[in-house]
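Structural features, examined
The residues making up each chain are set out below.
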Amino acid sequence: MTDSPTILVLRALGLGDFFTGLPALQVLRQARPDGHIVLALPRSLWPLARLSGTVDSVVQGHELDPLVDPPQRPDLAIDLHGNGPESRRLLASCSPRRLVAFGDEGPAWIPDEHEVPRWCRLLSEGLPVALRRPPSVVGCLPVPDRLPVPARRTVVHCGAKAAARRWPPERFAQVARQLTAQGHDVVITGGADEARTVAAVAQDAGVEAAYRLSLLELLVLIAGARLVVSGDTGVAHVASNYATPSVVLFGPVSPAVWGPPSDARHQVLWHGSGDGDPHADRPDAALLRITVAEVMSAAERAGG
């Protein structure tokens, strides 16, 4: 046990959510250097939490499922999960002495606020603490060590958690073929449950498929990549963290909320209005309006 004040933080979401929450965790560490920070997040992301250097221990959390063995009566609990009562209730069940969250008694939720400054603002107003610099995801997570860094590959990531954010596989294959013709060493990646799609895209494009990478191996690949082409998914935020040139295809969700930093090396393609359904079971109409030619032009602008 530690004599330091215990701080329980909830961020029990996916890879992109983890990366966009890292700047807030850095703010918290700077504000409470003596605190024992416990982060609740999915077990698959535990290695990244430890690599970040911003937390002291982790507990299992997945979306709004009950936390597994969280600290009881922490000195402070912080809701970096959402703005609804469900996530606040998860933390309240641990009987924290103080709870910082968006809501009636906390800072106001701004719907169209970008995900990175949103959570830093929660801490700035809720603790309160002065922000030393503008929030940015760039450089929040170091490159995992003890793993070989591949040569400058071009990563075409053809997966996404929700069907609404999945650009058609045949278009990813066309992009991969054209990039290869331009001299790129292309590799196709996807999520652990997308092996069949990854293999099909790679075969269609005549390039390598990499769907058995560990999460740390994927990070190393992206950190050293020449270019990343992906939909609005976690890999895009990994590219932002490592300042790897990227082309990100948006559909139902506005890049004003989830997009990469404003930098010419990150090219955003979007033909939407922000009112699409991110949980739909088919690709969003705005996503389908993005053409292969647009992606190729954006890749050139990104400088990959």
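Here's what I pulled together on the structure shown here. What you are looking at is a predicted structure, and each value in this text was computed from that prediction instead of being measured. Sequence positions are assigned chain by chain, starting from 1 and proceeding in written order. Only residues with pLDDT of 70 or above have their local features reported here, since the model is predicted, and side-chain atom pairs are shown and tallied only from 80 upward, although totals for entire chains, interfaces and linings are computed over all residues. Each side-chain value is worked out from all heavy atoms of the structure, with water and hydrogens disregarded.

**Considerations on unusual backbone geometry**
Residue Pro128 is bonded to the preceding Leu127 through a cis peptide linkage, with omega at -15°. Inspection of the secondary structure assignment puts Pro128 in the loop between helix 4 (115-126) and strand 6 (154-157). With phi around 55°, Asp69 is a residue other than glycine that occupies positive phi space. Topologically, Asp69 is positioned in the loop between strand 3 (57-60) and strand 4 (76-79). Residue classification places Asp69 among the exposed residues on the basis of a relative accessible area of 68%. Despite not being glycine, Ala243 shows a phi value in the positive range, around 55°. In this structure, Ala243 sits in the loop between helix 8 (234-241) and strand 10 (246-249). Partly exposed describes any residue whose relative accessible area lies between the buried limit of under 20% and the exposed limit of over 50%, with all areas from a 1.4 Å probe on protein chains only and scaled to the type maximum. A residue is classified by how much of its surface remains accessible, and Ala243, at 26% relative accessible area, is partly exposed. Under the scheme used here, helices are H or I runs from DSSP no shorter than 4 residues and strands are E runs no shorter than 2 residues, and both carry numbers assigned from the N terminus.

**Describing the state of the cysteines**
Whenever a pair of cysteine sulfur atoms sits within 2.5 Å, that pair is classed as a disulfide. Counted by the stated rule, this structure contains zero disulfides. Cys140 provides the cysteine sulfur closest to Cys120, a residue in no disulfide bond, and the two sulfurs are 8.2 Å apart. When its relative accessible area of 1% is taken as the criterion, Cys120 is described as buried.

**Here we look at the pairing of strand 2 (residues 36-41)**
Extensive coverage of strand 2 is indicated by the burial of five of its six residues. Two strands qualify as a pair provided DSSP detects at least 2 bridges between them. Where strand 1 (residues 6-10) meets strand 2, five bridges bridge the pair, whose relative direction is parallel. Bridging from a neighbouring strand, Val9 pairs with Leu39 of strand 2. Read from strand 1 through helix 1 (residues 15-31) to strand 2, the crossover connection turns out right-handed. Looking down the strands as they point away from you, a crossover is right-handed if its path from the first strand over the helix to the second goes clockwise. For the crossover that starts at strand 2, traverses helix 2 (residues 46-52) and ends in the parallel strand 3, the hand is right-handed.

**Some thoughts on the pattern of salt bridges**
Any Lys or Arg side-chain nitrogen found within 4 Å of a carboxyl oxygen on Asp or Glu counts as a salt bridge. This structure, assessed with the given rule, holds twelve salt bridges. In this structure, the salt-bridge partner of Lys161 is Glu63, at a minimum N-O distance of 3.1 Å. One end of the pair, Lys161, is in the loop between strand 6 and helix 5 (169-181); the other, Glu63, is in the loop between strand 3 and strand 4, with 98 residues separating them in the sequence. Judged by relative accessible area, Lys161 falls into the exposed class, the value being 63%. Linking Asp75 and Arg97 is a salt bridge whose minimum nitrogen-to-oxygen distance equals 3.8 Å. A residue pair is termed long-range when its members are at least 10 positions apart, and Asp75 in the loop between strand 3 and strand 4 and Arg97 in the loop between helix 3 (85-92) and strand 5 (99-100) qualify at 22 residues. Residue Asp75 is classed as partly exposed on the basis of its relative accessible area of 34%. Ionic contacts of the salt-bridge type, sharing partners, join the residues Arg11, Glu115 and Arg118 into one network.

**Looking at the side chain of Arg29**
Locating Arg29 in the fold gives a position in helix 1. At 3.1 Å, the side chain of Arg29 forms a polar contact with the backbone oxygen of Gly35. Beyond its immediate stretch of four places on either side in the chain, Arg29 contacts Gly35, Ile37, Gly53, Thr54, Val55 and Asp56. In protein, a polar contact requires one atom able to donate a hydrogen and another able to accept it; more generally it is a pair of N or O atoms within 3.5 Å, and residues adjacent in sequence count only if both atoms are side-chain atoms. In this description, contact between two residues means that some pair of their heavy atoms is separated by no more than 4.5 Å.

**Thoughts on the sheet that holds strand 11 (residues 266-269)**
Where strands meet in a sheet, backbone hydrogen bonds hold them as pairs that are either parallel or antiparallel. Spatially, 8-7-6-9-10-11 is the arrangement adopted by the six strands of the open sheet, whose pairing is parallel. Of all the strands in the sheet, the pair left with one neighbour each is strand 8 (208-210) and strand 11. The mean angle between the axes of side-by-side strands here comes to 20°, regardless of whether they run parallel or antiparallel. Here strand 9 (residues 227-231) runs beside strand 10; their pairing, made up of four bridges, is parallel. If you follow Gly231 over to strand 10, its bridge partner there is Leu249. Axes here refer to lines fitted to C-alpha atoms; in helices the fit is confined to the stretch in contact. Angles between the N-to-C directions go from 0 to 180 degrees. Each of strand 6, strand 9, strand 10 and strand 11 touches helix 8; the most contacted strand, strand 9, lies at about 150° to it.

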